[in-house]
Amino acid sequence: VNWPYEDVRVIVVTDGERILGLGDQGTSGMGIPVGKLSLYTACAGIHPSTTLPITLDVGTNNKKLLNDPLYLGHPHPRITGEEYDDFVDEFIVAVTKRFPKAVIQFEDFANHNAFRLLSKYRNSICTFNDDIQGTASVTVAGILASLRLTGGKLRDHKYLFLGAGEAGIGIADLLVSSMKEEGVSTRKARQTCWFVDSKGLVVASRDDLAEHKLDYAHEHEPMTSFLEAVKELQPTAIIGVSGQPQTFTKEIVEEMARLNEQPLVFALSNPTSKAECTAEQAYSWSDGRAIYASGSPFDPVTMPDGRTLVPGQGNNSYIFPGVGLGVTTVGAKRVTDSMFLAAAKALALQVTEEDLALGRVYPPLTKIRDVSAFIAAAVAQIAYDENLATEPRPYNLLAYIKEQMYQPDYLSFV
């Protein structure tokens, strides 16, 4: 392996097939692993020399790239099936042998591979999928924080998702896990989560459903539009993970505001141009009553009554750096769903009353290093509880984790 560092602890790998909301970028998606690892360093103090970005060049189906003479990848259609699986297997075997202490983060794989690869490797190596588990954790954290505004518990809400891919199913699965801790059965917890995909409401009578959608295919008559589903199901929360911009329309948000005193409107698709609605739209269409979060940043909004509302950014950078810090600090052998639930709870606890007063269900990103340390301690505690840690437990876990965080020092010359 042509890499100058021996002690790699965090690897982010993509095959470039589903980059943000931009689709198949082939090897041009390399900026995603590089950017994610930069956030590990900036947000959680992971030393940059212990990180490694990787793109698996398995081709691209993007015709524009295939016809571009400057495209850096191999210009052929994507390999699939057994050939693809064998290649990924070869990569996993090689990288875990070369860097046995590394956690491997799968990033921006398409749905048809993401769920399958996570299921295949999660119980044999130290790995997670950020699009499934990281997005779930940060979203559940925002919902948990919002309960301090709306009252009630997770089980008292009904969640309607626009988009039934990695992010949506991951969020629902973690919500179900959290509700089960409240004493709710798996069946009843799943019944609080409904999905609308590109073909309409996900219901049991449909025969075109991918396997990852089946747990949330409830008995109900088919519906083709999201607005129709909102009116019929009367959710308390709508969660956009569709990559389709401006799909939370004025009529939809107004209906949510009619149904709920404080509707949850989470427009999580990235980048900003793909958001289901803007913060200003959500606030103005709900008379300032919506609890809004987005995947990309939006500026504060001043309402006609003089109030300034600050939208929360439900960005994965709140979660994965802290999870990686916790896992690598204690040498965890696996990354488990309970770690992501612990991370969600830890993040929600970092939301102050001052944040909530501004309508923000996440702490300001200026506090991200302290937040990451707090999350890392919660994740490390789960590793010890589940007998997955390989390092001795320190006397003060949080203090020890903070000591491990890399602090870049720059010298000034006069």
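Residues numbered from 1 in each chain as written. Predicted model: local features only at pLDDT ≥ 70, side-chain atom pairs only at ≥ 80, totals over all residues. Heavy atoms only, no water.

Attention now goes to the sheet that holds strand β1 (residues 10-14). Judged by pairing direction, the sheet is parallel, and its four strands sit side by side in the order β2-β1-β3-β4 without closing on themselves. Every other strand in the sheet has two partners, leaving β2 (51-55) and β4 (127-129) as the edge strands with one partner each. Averaged over all neighbouring strand pairs, the angle between strand axes comes to 20°, with direction disregarded. Note that strand β3 (residues 103-106) and β4 share three bridges and pair parallel. Each bridged residue has a counterpart across the sheet, and for Q105 the counterpart in β4 is F128. Against the sheet, helix α3 (residues 81-98) contacts β1, β2 and β3, and its axis sits at roughly 150° relative to β3. (Pairing = 2+ DSSP bridges. Helix = DSSP H or I, 4+ residues; strand = E, 2+ residues; numbered from the N terminus. Axes fitted to C-alpha atoms, helices over the stretch in contact; angles between N-to-C directions. Contact = heavy atoms within 4.5 Å.)

Before going further, it helps to examine the sheet that holds strand β5 (residues 159-162). An order of β7-β6-β5-β8-β9-β10-β13 is seen for the seven strands of this open sheet, with the pairing classed as mixed. In this open sheet, the two edge strands, each paired with only one partner strand, are β7 (200-201) and β13 (312-313). Of the strand pairs in this sheet, strand β6 (residues 193-197) and β7 are connected by two bridges, and their pairing is antiparallel. The residue bridging V196 from the neighbouring strand is L201, located in β7. Across the sheet, helix α5 (residues 130-150) touches β5, β8 (237-240), β9 (264-267) and β10 (291-294), and the angle it forms with β9 is around 155°.

Next up on the list: the pairing of β5. In β5, alternate side chains face the same way, and those of Y159 and F161 on one face and L160 and L162 on the other are all buried. One ladder, built from four bridges, connects β5 with β6; its direction is parallel. Bridge pairing links F161 to F195 in β6. (Buried < 20%, exposed > 50% of the residue type's maximum accessible area, 1.4 Å probe, protein only.)

To continue, consider the nonpolar core. A general tendency of soluble globular proteins is for nonpolar side chains to be buried together. Counting residues in each nonpolar core, the largest one holds 108 residues, and the members touching the most others are Y159 and L175. Among the elements that make up this core, the one with the highest residue count is helix α14 (residues 368-385) (eleven residues). With sequence-adjacent residues up to four places away left out, Y159 is seen in contact with I143, L154, L175, M179, T192, C193, W194, A237 and I239. If you look at the next biggest cluster of nonpolar residues, it comprises 29 residues, including V203, F248, M256 and C277. (Core = buried A, V, L, I, M, F, W, Y, C linked by side-chain atoms within 4.5 Å.)

Right, let's get into the side chain of R206. Relative to the assigned elements, R206 resides in the loop between β7 and α8 (226-233). R206 gets classed as buried once you look at its relative accessible area, which sits at 16%. Among the polar contacts made by the side chain of R206, one reaches the side chain of D208 at a distance of 2.9 Å. Sequence-distant contacts of R206, that is, excluding residues within four places in its chain, are made with D197, K199, G200 and L201. (Polar contact = N/O pair within 3.5 Å; in protein donor to acceptor, adjacent residues only side chain to side chain.)

Under the defined criterion, the tally for this structure stands at 25 salt bridges. In this structure, D197 and R206 form a salt bridge, with 2.9 Å as the shortest nitrogen-oxygen distance. The residues D197 and R206 share a single accessibility class, namely buried. Note that K250 is salt-bridged to E254, the shortest N-O span being 2.5 Å. Note that K250 and E254 are positioned in helix α9 (residues 250-259) at a spacing of four residues, about one turn of the helix. Taking the relative accessible area as the measure of exposure, K250 reaches 41% and is therefore partly exposed. (Salt bridge = Lys/Arg side-chain N within 4 Å of Asp/Glu carboxyl O.)

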